[in-house]
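# Examination of the molecular architecture
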Amino acid sequence: MVSVRDWFGARMTIGVVFLAAVFSTGIGLVNISVPVSGGVLGAYIPESVRLLAGFTGTLTGFLLLANSFGLRRRLRSAWYLALVLLPVSALQGLIQGSVGAVLLVGLSVIGLALLVLNRGVFDRAIDLTVTQLSALLAIVGSLSYATAGSYALREQFNGIETPFDALYFALVTGSTVGYGDITPDTAIAKLFGLSALLVTVASFAVALGVLLTPAIEARLSKALGRMTDTQLDILENHVLILGHGELTEPILEELEDRADVLIITPETARAQRLTERGYDVLTADPSGEDSLERARVQTARAVIVATNNDAEDALAILTARQLNPDIHIVAAATHRENENKLRRAGANTVISPAALGGHFLAESAIGGSGLEGLEAKLLDEEPEKVMEQAGVDPDEQFDDSTLDD
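So, how was this worked out
- Residues numbered from 1 in each chain as written.
- Predicted model: local features only at pLDDT ≥ 70, side-chain atom pairs only at ≥ 80, totals over all residues.
- Heavy atoms only, no water.
- Pairing = 2+ DSSP bridges.
- Helix = DSSP H or I, 4+ residues; strand = E, 2+ residues; numbered from the N terminus.
- Axes fitted to C-alpha atoms, helices over the stretch in contact; angles between N-to-C directions.
- Contact = heavy atoms within 4.5 Å.
- Phe/Tyr/Trp six-rings, centres within 6.5 Å; stacked < 30°, edge-to-face > 60°.
- Buried < 20%, exposed > 50% of the residue type's maximum accessible area, 1.4 Å probe, protein only.
- pLDDT = per-residue confidence, 0-100.

### A short note on the sheet that holds strand β4 (residues 261–265)
Read across the sheet, six strands follow the order β5-β4-β3-β6-β7-β8 without closing on themselves; strand pairing throughout is parallel. Unpaired on one side and paired on the other, β5 (280–283) and β8 (349–351) mark the two borders of the sheet. Between one strand and the next, the sheet's axes are offset by a mean angle of 20°, whatever the strand orientation. Examined bridge by bridge, β4 and β5 share four bridges and lie parallel to one another. Along β5, the bridge assignment pairs I263 with V281. Along the sheet face, helix α11 (residues 268–276) touches β4 and β5 and points at about 165° away from the line of β5. Seen against the sheet, helix α13 (residues 310–323) touches β3 (239–242), β6 (302–305) and β7 (328–332) and runs at an angle of roughly 180° to β7.

This is the structure we're talking about:
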């Protein structure tokens, strides 16, 4: 069942911003070549302004598109940038006035509301590596060099008269486009052009490598059954399954269409197989604090611990309870005598599958009837109907201590 948190949480916020980016880019591209009337504001907006709005709308869309990836990483800087870009996008939509622009305005307004509502979610500071900082400085430095140098030598270039012309020359040179509209007239200008070409192209190549490296790492992590930090950062309202045992498969089947699930297991081969089947898996120690923090236990809706080792389960429960005192923890006890120990470790609900199975089998052996029907109804996802027929309020919290009776 979809909760309010699912509708208005971080994922919905990122999705709306992404849609606004797509609409802004598409509408801007269309309106560059076919300016629209401007809608209700058409009489007050010159055609040149609407054309400019289309051009800048495309740029705004690209910026929002890139910014949505920053929101996926829950960066505070991306939140601030989206807070600036969305009103700009809405204003551009009002100026353009087409039917699609009306949708753009609506998406921008909804995106702003969701950003404000989820302000606390986007709380991560930018943590740039030395390589990323070097690449950024290389791009800024090379463009500054090419721009300042070409402007200083503007009399020796054909087509450079303003600082904007010099910046245009630097970008065209660095991107290796080479339109040929700006050319050097002297040997000194040609030498400078060669140096600008080498410096800017090298800096762009470094930046491209830095940008592609995380994507390659993500593909390798997926192939090895691991989730990247970017994928983990977006998790919320999910169910954590700590460890993988005999009970894990039926648990996954039950939760498949009902909740987002993240499995934590230390076994690489098992993690890879689960990933290939479409499950989200974190290859790590299920009882480690770092593992559970990466798995965002603070924003999870529940924790399930059901391996074949009660001692390891107890340690995982202790860690989860320490990191999130309010989370609901469900555990399966392999040995019935360990049920109370798992409760003392912090589990809210402890079930002994072996004890339940033994009780069902014993009752059937001595003449009990209806047990197969009860099992069929439970497995047919009708637990509430079964409880009502048994005279139990389905909304009343289940007290697992009755299992000991």
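### As for the packing of aromatic side chains
In the structure shown here, the tally under the stated rule is five aromatic pairs. With centroids separated by 6.5 Å and ring planes inclined at 85°, the aromatic side chains of F157 and F192 adopt a geometry described as edge-to-face. Here F157, found in strand β1 (residues 157–158), pairs with F192, found in helix α8 (residues 187–223); they are 35 residues apart in sequence, far enough to count as distant. For the pair F157 and F192, a shared accessibility class is recorded, and that class is buried. Ring centres 6.4 Å apart and planes at 5° place the aromatic pair Y168 and Y179 in the stacked group. Taken as a pair, Y168 in helix α7 (residues 163–174) and Y179 in the loop between α7 and β2 (183–184) lie far apart in primary sequence, eleven residues in all. Site record: aromatic cluster; members linked through ring pairs are Y145, F157, F169 and F192.

### Some thoughts on the confidence of the model for the protein
Averaged over all residues, the pLDDT of the protein equals 78, while 75% of them reach at least 70. Taken element by element, the protein is modelled with least confidence in helix α17 (residues 383–389), mean pLDDT 47, and with most confidence in β6, mean pLDDT 93. Confidence over residues 381–387 falls short of pLDDT 50; this stretch has eleven contacts with residues more than four positions distant or in other chains. Counted against residues more than four places away or in other chains, residues 389–405, with its pLDDT under 50, gives 22 contacts.

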